[in-house]
Amino acid sequence: MSRYLLTRLRQSVITLFLVSVVVFAGIRALPGDPALALAGEERSPEALAAIREAYGLNDNIVVQYGRFVGHALTGDLGTSARTGLPVLDSILNALPVTLELAALSLLLAVVLGIGTGVLAAVRRGRATEWLANAVALLGLSVPTFWLGIVLVLAFAIAVPVFAASGYVPFGTDPVDNLRRMVLPAVVLGSGLAAVVMRQTRGAMLDSLSADYVRTARAKGLSRRQVIGGHALRNSLVTVVTVLGLQLGHLISGAVVTEQIFVLPGFGKLTIDAVFTRDYTMLQGVVLCTSAAYILVNLAVDVLYSVIDPRIRLGGAR
């Protein structure tokens with residue numbers, strides 16, 4: 001187990017290094033002079049020269065990258081040109097909002113996706129399967145922004161059960177927090193739930209026709225034991241893979257969802273950084289998002305070994 005973890009950890013560190021190179025080079029490749037964006041209204045040659053000297057923009061790209069990595073390792077991601085606040089502080093303020101939104105969306109996707117996927121596989125060829133497939137297709141087809149607007153009109157304006165916008169921390173008022181987070185979570189999690197449902201259904205159909213399931217039935221195990229203890233567990237490898245890969249969907253979807261519901265999370269922080277050409281903020285946000293994606297996929301690899309020991313033994317060789 002330890003050898004397997006070390007192998008995956010080494011791969012994650014290499015990936016994070018390559019990501020840092022791509023992020024740094026990508027930000028530097030954006031059109032425009034960063035010094036002009038930092039200067040604001042004061043764009044005299046003297047002011048621009050002072051800014052380039054202060055931010056080390058006159059150094060070659062290798063020196064700039066080394067300085068960027070050194071500062072990042074100590075938690076210094078720079079200072080926002082728009083707000084004047086440390087980038088790390090802004091990210092830490094926005095992070096709880098996006099984490100809560102992602103957690104609620106994942107919870108919705110796992111409960112609905114796996115539940116309906118198992119039900120559709122067990123009741124194959126019946127009305128239950130057709131209904132589950134139709135709902136999944138609808139979830140995949142409906143655009144996020146359209147669903148968000150419809151839900152706001154229906155459940156925040158016509159029937160004001162939930163709030164249409166804003167954010168209240170869970171520790172301040174749990175009830176008001178959930179009133180404001182349920183609709184965004186439904187918008188962001190509906191598409192993921194549809195993907196999980198279809199993948200769970202396919203994996204369950206393969207498992208239910210496998211020899212070990214027929215053997216379990218021949219031993220006299222109950223229907224619940226066969227489905228939950230044998231078929232579903234072996235299908236979870238596929239489901240966990242999908243959930244890990246769909247993190248990118250949650251991150252990209254959060255940008256749109258947070259704009260619709262005016263949530264002060266990672267998505268809004270990214271949009272504001274792009275529109276104001278706040279390169280330092282954008283660089284920090286993209287780097288932290290990429291690091292989170294790598295960590296989630298590392299956790300998925302570890303979870304593989306828990307679900308299926310054969311993967312752990314094969315990956316350690």
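What counts and how
- Residues numbered from 1 in each chain as written.
- Predicted model: local features only at pLDDT ≥ 70, side-chain atom pairs only at ≥ 80, totals over all residues.
- Heavy atoms only, no water.
- UniProt positions renumbered as here; feature names shortened; annotations may be inferred.
- Helix = DSSP H or I, 4+ residues; strand = E, 2+ residues; numbered from the N terminus.
- Buried < 20%, exposed > 50% of the residue type's maximum accessible area, 1.4 Å probe, protein only.
- Contact = heavy atoms within 4.5 Å.
- Areas by Shrake-Rupley, 256 points an atom, 1.4 Å probe, with all protein chains shown as cover.
- Axes fitted to C-alpha atoms, helices over the stretch in contact; angles between N-to-C directions.
- Parallel < 35°, antiparallel > 145°, perpendicular 65-115°, else oblique.
- Left-handed = near helix turned anticlockwise from the far one by under 90°.
- Nonpolar A, V, L, I, M, F, W, Y, C, P; charged D, E, K, R; others polar.
- Core = buried A, V, L, I, M, F, W, Y, C linked by side-chain atoms within 4.5 Å.
- Patch = residues over 30% accessible without salt bridge, like charges linked within 9 Å, V, L, I, M, F, W, Y side chains within 5 Å.
- Salt bridge = Lys/Arg side-chain N within 4 Å of Asp/Glu carboxyl O.
- Expected span 1.5 Å × (residues − 1).
- Bend = angle between axes of the 7 residues up to and from the residue.
- Lys, Arg positive; Asp, Glu negative; His and termini not counted.
- Charge placed at Lys NZ, Arg CZ, Asp CG, Glu CD.

- The protein is annotated in an unreviewed UniProt entry as ABC transporter permease from Streptomyces ochraceiscleroticus.
- Under the heading Sequence similarities (unreviewed entry), UniProt records this for the protein: "Belongs to the binding-protein-dependent transport system permease family."
- Looking at the Subcellular location (unreviewed entry) heading of the UniProt record, one finds this comment for the protein: "Cell membrane".

1. Topic: the overall build of the protein
Step number 1: Across its full length, the protein holds 14 helices and zero strands.
Step number 2: Starting at the N terminus, the α and β elements of the protein follow one another as α-α-α-α-α-α-α-α-α-α-α-α-α-α.
Step number 3: Dimensions of the protein, computed from the C-alpha atoms along their principal axes, are close to 85 × 60 × 35 Å.
Step number 4: Per-residue burial over the protein gives 37% buried out of 317 residues.
Step number 5: In the protein, the share of contacts with a sequence separation of at least 24, taken over all contacts with a separation of at least 6, comes to 74%.
Step number 6: Counting every atom, the protein has about 17,100 Å² of accessible surface; 67% of that belongs to carbon and sulfur.

2. Quick word on the packing of helix 1 (residues 2-28) against helix 4 (residues 61-73)
Packed helices, taken two at a time, are described by the angle their axes make and the gap between the axes.
Step number 1: In contact at an axis separation of 11 Å, helix 1 and helix 4 are set at 125° when each is read in the N-to-C sense. As summarised for this structure, helix 1 and helix 4 are arranged oblique, according to the angle between their axes. Classified by chirality, the crossing of helix 4 by helix 1 is right-handed. Contacts between helix 1 and helix 4 involve Phe17, Ser20, Val21, Phe24 and Arg28 from the former and Ile61, Gln64, Tyr65 and Phe68 from the latter.
Step number 2: Among the residues making up the contact of helix 1 with helix 4, the classes are represented as six nonpolar, two polar and one charged.

3. Some details on the nonpolar core
Step number 1: Counting residues in hydrophobic clusters, the biggest one holds 33 residues, and the most contacted among them are Leu101, Val196, Met204, Leu208, Phe261 and Leu263.
Step number 2: No other element matches the 11 residues that helix 8 (residues 174-208) contributes to this core.
Step number 3: Setting aside its immediate chain neighbours within four residues, Leu101 contacts Met181, Pro184, Ala185, Leu188, Ala254, Thr257, Glu258 and Leu263.
Step number 4: Listed in part, the 19 residues of the second largest apolar core include Val19, Tyr65, Ala94 and Ile294.

4. Side note on the UniProt feature "transmembrane region" (unreviewed entry) in the protein
Step number 1: The feature "transmembrane region" (unreviewed entry), as annotated in UniProt, sits at residues 101-122, 134-158, 178-197, 236-261 and 281-307 in this numbering.
Step number 2: Segment residues 178-197 splits into 100% helix and 0% strand. End C-alpha atoms: 25 Å apart.

5. A few points about a nonpolar patch on the surface
Step number 1: Nonpolar side chains collect at one region of the surface, where Phe145, Trp146, Ile149, Val150, Leu153, Ile157 and Val256 lie side by side and expose about 660 Å² of accessible area between them.
Step number 2: Looking at the nonpolar patch, the element that brings in the most residues is helix 7 (residues 144-158), giving six residues.
Step number 3: Considering the arrangement of structural elements, one finds Ile157 in helix 7.

6. Re helix 7
Step number 1: The end-to-end C-alpha distance of helix 7, which contains 15 residues, comes to 20 Å, matching closely the 21 Å that a straight helix rising 1.5 Å per residue would cover.
Step number 2: The largest bend in helix 7 amounts to roughly 25° and is located at Val152.
Step number 3: Here helix 7 has its buried residues at Leu147, Gly148, Leu151, Val152 and Ala156.

7. Concerning a positive patch on the surface
Step number 1: There is a patch of like positive charges on the surface, built from Arg123, Arg126, Arg217 and Arg223.
Step number 2: Along the chain, Arg123 falls in the loop between helix 5 (87-122) and helix 6 (127-141).
Step number 3: Arg123 sits in the partly exposed class, given a relative accessible area of 35%.

8. A word on the environment of Val161
Step number 1: Here Val161 is to be found in the loop between helix 7 and helix 8.
Step number 2: Between the C-alpha atoms of Val161 and Arg180, which are 19 residues apart in sequence, the distance is 9.9 Å.
Step number 3: Non-local contacts of Val161, meaning those with residues more than four positions away in its chain, are made with Phe155 and Arg179.

9. Description of the side chain of Ser207
Step number 1: You can see Ser207 is positioned in helix 8.
Step number 2: Each residue touching Ser207, except ones within four places of it in the same chain, is listed here: Tyr212, Val213, Ala231, Asn234 and Ser235.

10. Looking at the pattern of salt bridges
Step number 1: Inspection of every chain in the model, using the stated rule, returns five salt bridges.
Step number 2: Linking Arg201 and Glu129 is a salt bridge whose minimum nitrogen-to-oxygen distance equals 2.4 Å. Taken as a pair, Arg201 in helix 8 and Glu129 in helix 6 lie far apart in primary sequence, 72 residues in all.
Step number 3: Classification of Glu129 as buried rests on a relative accessible area of 5%.

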